[in-house]
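Geometric and topological summary
Below, each chain spelled out in residue letters.
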Amino acid sequence: MTELDETRWLISSEGQEAIQSATEIVSQHDLVKATVLLRKRFTPAQASLALRQARLRPRARRKFADGESLFLDDQALQQASSESLASYKALRFPSGQAVYDLCCGIGGDLFSLARRGPTIGVEQNPSLALLAEANCQTLGLVDAHVELRDATKISYQELALVHIDPDRRAHGSRTTTIAFHEPGEAFLNSLLEHCEGGALKLAPATNIPVS
């Protein structure tokens, strides 16, 4: 299966059943035994995917109250805003007004933004976009919508209020240099120039160029 096929299976009813089984099994057995037991019901690839989710969800609970029900990606979970931080940021956006959440990943900020009003999550990675959409449905966030798009291709006429968390690991290791973020410095500066308002999430140690 391709990565996208894996994600589609993961969020399917069969995938959810496998995750539930994996969660129950790993609570009683070590990883080797759990793998053997899961492979009696699912293919090796499916068992591996389900086990990965079962192992990620306890980590997700440290960030999200509903972490045990979310569909996750390891790196995206590491990069996601915690629920407390996301809620704080969301409160700074006007209630009821539409917000674009660019580079939304698995939806960490999207969840909180959608609880205060209509929010469009934008993600160019097809698998992450599917996970974010599935997570919003799982949480019952009717004001959330996810679009598979390249954020840098969106016209400024569409954007008013914006939240963006650029990828700080686009070139492998984490960086605080804006020039190595994705989207990069030029696009981030253009958002500051053209958008009505919003939030740009950067690491505390980021060296922000003075223009």
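Refer to the structure printed above.
Nothing here was measured: the structure is a model prediction, and the numbers come from that model. (Residues numbered from 1 in each chain as written. Predicted model: local features only at pLDDT ≥ 70, side-chain atom pairs only at ≥ 80, totals over all residues. Heavy atoms only, no water.)

1. Quick word on the packing of helix H6 (residues 83-91) against helix H7 (residues 108-116)
It is at 8 Å that the axes of H6 and H7 come closest, and there the two elements cross at 40°. Between H6 and H7, the interaxial angle falls into the category oblique. Both H6 and H7 take part in a crossing whose hand is right-handed. Together, Glu 83, Ala 86, Ser 87, Lys 89 and Ala 90 of H6 and Gly 108, Asp 109, Ser 112, Leu 113, Arg 115 and Arg 116 of H7 make up the contact between the two elements. (Axes fitted to C-alpha atoms, helices over the stretch in contact; angles between N-to-C directions. Helix = DSSP H or I, 4+ residues; strand = E, 2+ residues; numbered from the N terminus. Parallel < 35°, antiparallel > 145°, perpendicular 65-115°, else oblique. Left-handed = near helix turned anticlockwise from the far one by under 90°. Contact = heavy atoms within 4.5 Å.)

2. Some remarks on H6
Buried within H6 we find Ala 86, Lys 89 and Ala 90. Mapping the buried residues of H6 onto a view down its axis gives an arc of 100°, with all of them on the same face. Seen from the open side of H6, the exposed residues pointing more than 90 degrees away from its buried face are Ser 84 and Leu 91. Looking at the buried side of H6, the elements it contacts are H7 and strand S4 (161-164). (Buried < 20%, exposed > 50% of the residue type's maximum accessible area, 1.4 Å probe, protein only. Arc of directions from axis to C-beta.)

3. Some points on the pattern of salt bridges
A side chain with one charge may pair with a side chain of the opposite charge, provided their charged atoms come close. Scanning the entire structure with this criterion turns up 7 salt bridges. In this structure, Arg 8 and Asp 5 form a salt bridge, with 3.6 Å as the shortest nitrogen-oxygen distance. In this pair, Arg 8 and Asp 5 both sit in helix H1 (residues 3-10), 3 residues apart, roughly one turn of the helix. Exposure remark for Arg 8: the relative accessible area of 47% places this residue in the partly exposed category. Looking at Asp 5, the relative accessible area reads 32%, which means it is partly exposed. Among the salt bridges present, the one from Arg 41 reaches Glu 17, with a minimum N-O distance of 2.5 Å. Here Arg 41, found in the loop between helix H3 (31-38) and helix H4 (44-60), pairs with Glu 17, found in helix H2 (residues 13-26); they are 24 residues apart in sequence, far enough to count as distant. (Salt bridge = Lys/Arg side-chain N within 4 Å of Asp/Glu carboxyl O.)

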